[in-house]
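What follows is the residue order along each chain.
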Amino acid sequence: MKLWFGKWTAIAKESVDRAAIFAKFLCLLHVTNNYIFAPTLVYGPSMLPTLNLTGDVVLSEFISHRLGKVGPGDVVLIQSPENPRKMITKRIVAMEGEVVSFLVDPSRSEKSRTVVVPKGHVWIQGDNIYASKDSRNFGPIPYGLIQGKVCCRVWPIDCFGSL
């Protein structure tokens, strides 16, 4: 009886140890994926030719925007101001206090507008101005909607590298 009990105790201890290691791994994966960096699938015509229409996997980091280290030219992930459940990928064109001139509807007219980006906001645009819903449609974006900064493209493999 004692031998049988000792054997099951060893097995139970080993199981608990392995479960603890697995739980630690899941915690590390959660923290890394939500607060440090994560792969993100981006697709659509708004960022052509920088990103492919059919989709690219990019590596996004989530620290720079919290430290105020994003600026004009950076490609960022933004929580959509129209649909909070959706993420959009755009390029920052201007920061707070900067003046932006843009074509209101580039496919139909040459009419342009000039605006000053208010405090706590950024101006974003897609690289393909003919097929992008961006700050030209919904105005300056609150800085708090920025969720991450795109570091590099990881898929397709032949396009691997920084943006």
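Above this text sits the structure in question.
Residues numbered from 1 in each chain as written. Predicted model: local features only at pLDDT ≥ 70, side-chain atom pairs only at ≥ 80, totals over all residues. Heavy atoms only, no water.

(A) Molecular detail of the side chain of D56. The residue D56 is located in strand β2 (residues 56–61) in this model. Within the local environment of D56, its side chain forms a polar contact with the side chain of N52, the two groups lying 2.6 Å apart. Setting aside residues no more than four positions away along its own chain, D56 makes contact with T40, L41, V42, T50, L51, R153, W155 and P156. (Helix = DSSP H or I, 4+ residues; strand = E, 2+ residues; numbered from the N terminus. Polar contact = N/O pair within 3.5 Å; in protein donor to acceptor, adjacent residues only side chain to side chain. Contact = heavy atoms within 4.5 Å.)

(B) Spotlight on the pattern of salt bridges. Applying the stated rule across the entire model yields seven salt bridges. One salt bridge connects R153 with D56, and the closest N-O pair in it is separated by 2.8 Å. Of this pair, R153 sits in strand β9 (residues 146–155) while D56 sits in strand β2, and the two are 97 residues apart along the sequence. Residue classification places R153 among the buried residues on the basis of a relative accessible area of 11%. (Salt bridge = Lys/Arg side-chain N within 4 Å of Asp/Glu carboxyl O. Buried < 20%, exposed > 50% of the residue type's maximum accessible area, 1.4 Å probe, protein only.)

(C) Quick look at the side chain of N128. Mapped onto the elements of the fold, N128 is located in the loop between β7 (121–125) and α2 (135–138). Of the residues examined, N128 reaches a relative accessible area of 17% and is grouped as buried. At 3.1 Å, the side chain of N128 and the backbone oxygen of P45 are in polar contact. Ignoring sequence-local partners within four residues, the contact set of N128 consists of P45, S46 and L48.

(D) Looking closely at the pairing of β9. In terms of strand pairing, β2 meets β9 through five bridges, oriented antiparallel. Across the sheet, the residue bridging to V58 is R153, located in β9. Examined bridge by bridge, strand β3 (residues 75–79) and β9 share three bridges and lie antiparallel to one another. Across the sheet, V76 pairs through a bridge with K149, a residue of β9. Pairing between β9 and strand β10 (residues 161–162): two bridges, direction antiparallel. Residue pairing for β10: R153 is matched across the bridge by G161. The hairpin turn running from β9 into β10, its antiparallel successor, is five residues long. (Pairing = 2+ DSSP bridges.)

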